[in-house]
Amino acid sequence: MSFSDVSGPDDLDPYELLSWYAESGVTEALDDEAHDHFAEAPQPAPMRRPLPAPGSSPLRPVPARPMPAAVAAPDDAALTARAMAREARTLEELREAMAKFEGCALKATAKNLVFADGNPAGRVMMVGEAPGADEDRLGLPFVGRSGQLLDRMLAAIGLSRQNDVYIANLLPWRPPGNRTPTPQEVAICLPFVQRQIELADPEILISVGAPSAQGLLGFKGIMNSRGKWVEYDTGTKRIRAMATLHPAYLLRQPLQKRLAWRDLRALRAALDGKA
Ligand code: URA
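Predicted model, so just to flag it, every value in this text is computed and none were measured.

Taken together, the neighbourhood of the ligand is formed by Gly128, Glu129, Ala130, Pro131, Glu135, Pro141, Phe142, Ser146, Asn169 and His246. Considered on its own, the ligand offers 240 Å² of accessible surface; in the complex 93% of this is hidden by protein. Taken together, the residues that form the shell around the ligand break down as 4 nonpolar, 4 polar and 2 charged.

Let us now look at the packing of aromatic side chains. Applying the stated rule across the entire model yields 1 aromatic pair. Just above the ring of tryptophan 229 sits the side chain of arginine 240; from NZ or CZ to the centre is 4.4 Å.

Bringing helix H3 (residues 91–100) into the picture now. Those residues of H3 that fall on the buried side of the exposure criterion are Leu91, Leu94, Ala97 and Met98. All buried residues of H3 fall inside an arc of 115° around its axis, so they share one side. Looking at the buried positions of H3, the neighbouring elements they touch are helix H2 (74–87), helix H4 (106–109), strand S3 (165–169) and helix H7 (183–200).

Time to look at the sheet that holds strand S6 (residues 238–244). The strand order across the open sheet formed by 6 strands is S1-S3-S2-S4-S6-S5, and the pairing between neighbours is mixed. Since the sheet does not close on itself, it has two edges, and those belong to strand S1 (117–118) and strand S5 (230–233), each with one partner. Pairing of S5 with S6 involves 4 bridges; the strand directions are antiparallel. Note that in S6 the partner of glutamate 231 across the bridge is arginine 240.

Our next topic: the nonpolar core. By size, the foremost hydrophobic cluster in this structure holds 62 residues, and its most contacted members are Leu205 and Leu216. For leucine 216, the contacting residues outside a window of four places in its chain are Val127, Leu170, Leu190, Val193, Gln194, Ile197, Ser207 and Tyr232.

Counting through the fold element by element, glutamine 256 comes out in the loop between helix H9 (247–252) and helix H10 (257–271). Not counting chain neighbours up to four residues away, the residues in contact with glutamine 256 comprise Met223, Leu245, Tyr249 and Leu250.

Time to look at the pattern of salt bridges. Counted under the stated rule, the structure contains 12 salt bridges. We note a salt bridge from glutamate 102 to lysine 107, for which the minimum N-O separation is 3.1 Å. Members of the salt-bridge network, linked through shared partners, are Asp117, Asp151 and Arg161.

With that settled, the discussion passes to the packing of H3 against H7. Two elements in contact, H3 and H7, have axes separated by 10 Å at closest approach and are oriented at 165°. As the angle between them shows, H3 and H7 are arranged roughly antiparallel. For the crossing formed where H3 meets H7, the hand is left-handed. Contacts from Leu91, Leu94 and Met98 in H3 reach Phe192, Arg195, Gln196, Leu199 and Ala200 in H7. In the contact of H3 with H7, the residues fall into 6 nonpolar, 1 polar and 1 charged.

Moving on, we get to H10. Helical geometry: 3.6 residues make up each α-helical turn, so side chains three or four residues apart lie on a common side. Along its 15 residues, H10 runs 21 Å from first to last C-alpha, staying within 8% of the 21 Å computed at 1.5 Å per residue. For H10, every residue scored as buried is listed here: Leu259, Ala260, Asp263, Leu264, Leu267, Ala270 and Leu271. Each buried residue of H10 sits inside an arc of 140° when the element is viewed along its axis, so together they form one side. Phi turns positive one or two residues past the end of H10, at glycine 273, with a value near 70°.

What counts and what doesn't
- Residues numbered from 1 in each chain as written.
- Predicted model: local features only at pLDDT ≥ 70, side-chain atom pairs only at ≥ 80, totals over all residues.
- Heavy atoms only, no water.
- Near = heavy atom within 4 Å.
- Areas by Shrake-Rupley, 256 points an atom, 1.4 Å probe, with all protein chains shown as cover.
- Nonpolar A, V, L, I, M, F, W, Y, C, P; charged D, E, K, R; others polar.
- Phe/Tyr/Trp six-rings, centres within 6.5 Å; stacked < 30°, edge-to-face > 60°.
- Lys NZ or Arg CZ within 6 Å of the ring centre and 35° of its normal.
- Buried < 20%, exposed > 50% of the residue type's maximum accessible area, 1.4 Å probe, protein only.
- Helix = DSSP H or I, 4+ residues; strand = E, 2+ residues; numbered from the N terminus.
- Arc of directions from axis to C-beta.
- Contact = heavy atoms within 4.5 Å.
- Pairing = 2+ DSSP bridges.
- Core = buried A, V, L, I, M, F, W, Y, C linked by side-chain atoms within 4.5 Å.
- Salt bridge = Lys/Arg side-chain N within 4 Å of Asp/Glu carboxyl O.
- Axes fitted to C-alpha atoms, helices over the stretch in contact; angles between N-to-C directions.
- Parallel < 35°, antiparallel > 145°, perpendicular 65-115°, else oblique.
- Left-handed = near helix turned anticlockwise from the far one by under 90°.
- Expected span 1.5 Å × (residues − 1).

Here it is, written out as structure tokens:
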């Protein structure tokens, strides 16, 4: 939600008004001016045509033409994303394609494209949900509090993002206010992250959190699917994949770290050829 989407009570002082917005989930200022997005869209000026000459046949009505959509319909956008992703031959070309892509409305409210961090030649690729505020500001995934926890979790099994792990997200643009991505947004951006996995060509894929587990591995519900090895087809080969709990969830529910620890130990064993 944006400040301009909600009108607040008029009689509050500015500090109270800001608090009221924050409590309503309005965390982004998109513009200096408030816009009423519920107001009717401006109609195009009527097309003027010359009057018929006296005695000639009267004007025939012009058939109505649909107005062009501001953003492509989700299906068209996903098809465009698929075509652009397929054309990219390297991760750098993929990043450039994503920067040019105009089919996802999240791009308009995000500050940066958040493409990836870590080592693209690492044996493990991790895919989270979507950038948060810190990631959006810096243009890098998992750099906020949950990213710091992720780094500590990796260090506990002897891995680092500098050397061993390539990190990306299901969506490369931040959903306003950190809301959960919609199924349409996931469908539109999915071809990009799928191609990113194919080009990075990791040995093991880890989906971090429920949206990634659902989007990439088809899991419904993270609690009963986490920690299970499955096969993921990158398009050129089949690799091992597993879903695990999101560090943001672990920050809220520290007792669940024992489950994440089990998943991490399974990952370590797989890398060591012991599982
Ligand atoms: N959460 C995610 O899923 N990804 C990030 O990059 C940051 C937080």
